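Residues per chain are reported as follows:
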Amino acid sequence: MSSDETPNAPTPPHSRAAVREKAQQVNAQQSRVRIMRRVLIGLVAVLVVGAAGGAVAWAVGSAVSKPSLSPSNMHDDGVVVSKADLTVAAGPAATPTASPTPAGTTAPASPAPSPTASAGAVDIHIYVDYLSPGAGEFERANAKQLATWIDQGAATVTYHPVALLTANSNGTKYSLRAASAAACVASSQPDVFYAYNHALLADQPKLDSDGKTDAELATLADASGVKDSKGVRDCISKSSYASWVKDATTRALDGPLPGSKKLVLTGAPTIVVNGQAYAGSLTDAAEFSQFVLSVASDAYYGTPGPTPVPTRTATPTPAS
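Residues numbered from 1 in each chain as written. Predicted model: local features only at pLDDT ≥ 70, side-chain atom pairs only at ≥ 80, totals over all residues. Heavy atoms only, no water.

Re the state of the cysteines
Think of a disulfide as a covalent bridge from one cysteine sulfur atom to another cysteine sulfur atom.
Right, on to step 1. Inspection of every chain in the model, using the stated rule, returns 1 disulfide.
Right, on to step 2. With a sulfur-sulfur separation of 2.0 Å, C184 is cross-linked through a disulfide to C235. Here C184 and C235 share a disulfide; its torsion about the S-S bond, -75°, makes the bridge left-handed. Separated by 51 residues along the polypeptide, C184 in helix α4 (residues 174-188) and C235 in helix α7 (residues 229-237) bring together distant segments of the chain. Across this residue pair, the class does not change: C184 and C235 are buried. (Disulfide = S-S within 2.5 Å. Helix = DSSP H or I, 4+ residues; strand = E, 2+ residues; numbered from the N terminus. Buried < 20%, exposed > 50% of the residue type's maximum accessible area, 1.4 Å probe, protein only.)

What to know about helix α5 (residues 190-202)
Right, on to step 1. With 13 residues, α5 ought to run about 18 Å at 1.5 Å a step, and its terminal C-alpha atoms sit 19 Å apart, in line with that.
Right, on to step 2. Burial within α5 is extensive, with 10 of its 13 residues counted as buried.
Right, on to step 3. Listed in full, the buried residues belonging to α5 are V192, F193, Y194, A195, Y196, N197, H198, A199, L200 and L201. (Expected span 1.5 Å × (residues − 1).)

Some remarks on the packing of α4 against helix α8 (residues 242-254)
When two helices pack together, their arrangement is given by the angle between their axes and by how far apart the axes lie.
Right, on to step 1. Two elements in contact, α4 and α8, have axes separated by 8 Å at closest approach and are oriented at 105°. Taken together, the axis directions place α4 and α8 in an arrangement best described as roughly perpendicular. Every residue of α8 that contacts α4 at L176, A179, S180 and A183 is listed here: A242, W244, V245 and K246.
Right, on to step 2. Considered class by class, the residues forming the contact of α4 with α8 number 6 nonpolar, 1 polar and 1 charged. (Axes fitted to C-alpha atoms, helices over the stretch in contact; angles between N-to-C directions. Parallel < 35°, antiparallel > 145°, perpendicular 65-115°, else oblique. Contact = heavy atoms within 4.5 Å. Nonpolar A, V, L, I, M, F, W, Y, C, P; charged D, E, K, R; others polar.)

Honestly, it's all geometry; don't read function into it.
Here it is as C-alpha cells:
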C-alpha cells in the first residue's frame, strides 16, 4: 500500500529545478547583503579616518597659527634699564649715590679706574628669579650703586627674569608667574619695569611659601606706575608670557649668556659683567663694586688705542 507522504518518493524534475532556482536567489541576495555590508564598513572607515585627519590638521594648523607670545621691549631675553627709567622708579633704587663706592665704606688707597662713559660703559647682565633669596639680597645691596652707574652712563644694566624655582612655592608656581608678570609690565610699559623689578625683589616672599597671588602682583604693578592697569592685570592673571619665560630660562641654561662665550645660567642670581661671571658676596656692595671696577680697568687698558694719560692731581697736604 502506497502513500503520498512517503519520504523516499522521487521528486519530480520541475520541483528540483524550482528548489535550485530558489537557492540561487537566496545565495544572490545574501551576496548582495555581504557586498553592501562591506561597502558600508568601508565608507564608515573612510569617514572616520577623514574626520581624524581633519582634526589633526586643524590642531596642527591652530598650533602654527597661534605661536607662543613673546613680550615686547626685550633684548637678549632681558630688559635694558635706561637713565630715564630711574626717574620713574620709586624707593631707594631711584636715588643715585654720589659715586660707585657705597656709603659707609672706604675706597681703596689705589682704586681701579672708575667705570665711566669715556672708558666704555660696563655691560652688566643680572639673571633674577623673583623667589630666589640671593636675588633679593643682591638687589637690596646693590640697587643704589647700579642706579648711580646707569645715571652716569658708566654701565648698562640688563635684568633677565627667569624661573628656576617654580616648584618651590607649594604648587602656586610663583617663580614662573612673577617672571611672567614682569614680562607683562616690560611689554606694556618698559619704563616701569625697573621699579616693578625692584619692588618684586626688595619685598619678595620666602622660599617654599605660596608667594604673592596674581591680584597682588597686579596691585604691585599699579603701585609701580603702570598706566594700563586693566591690560596688565589681565596679562598677569592669564600668565600670558609663561611659555616665553620657560623658553628664555632654557636658552639661558643652554647658553652662552649674552656677552660671554661659554657662560650658562647656573643659578639665581647670575651676574655677568663684560662677559665675566661674578662669584663674590651677594650682600657686599663694596666687593661687587671692586669687581666691576676691576673688569672696567681690564677693558680700558686691554683695548687697543692711545695710551691713557693719567690726570695730574695736587698732592694732599697733611693737616696741621
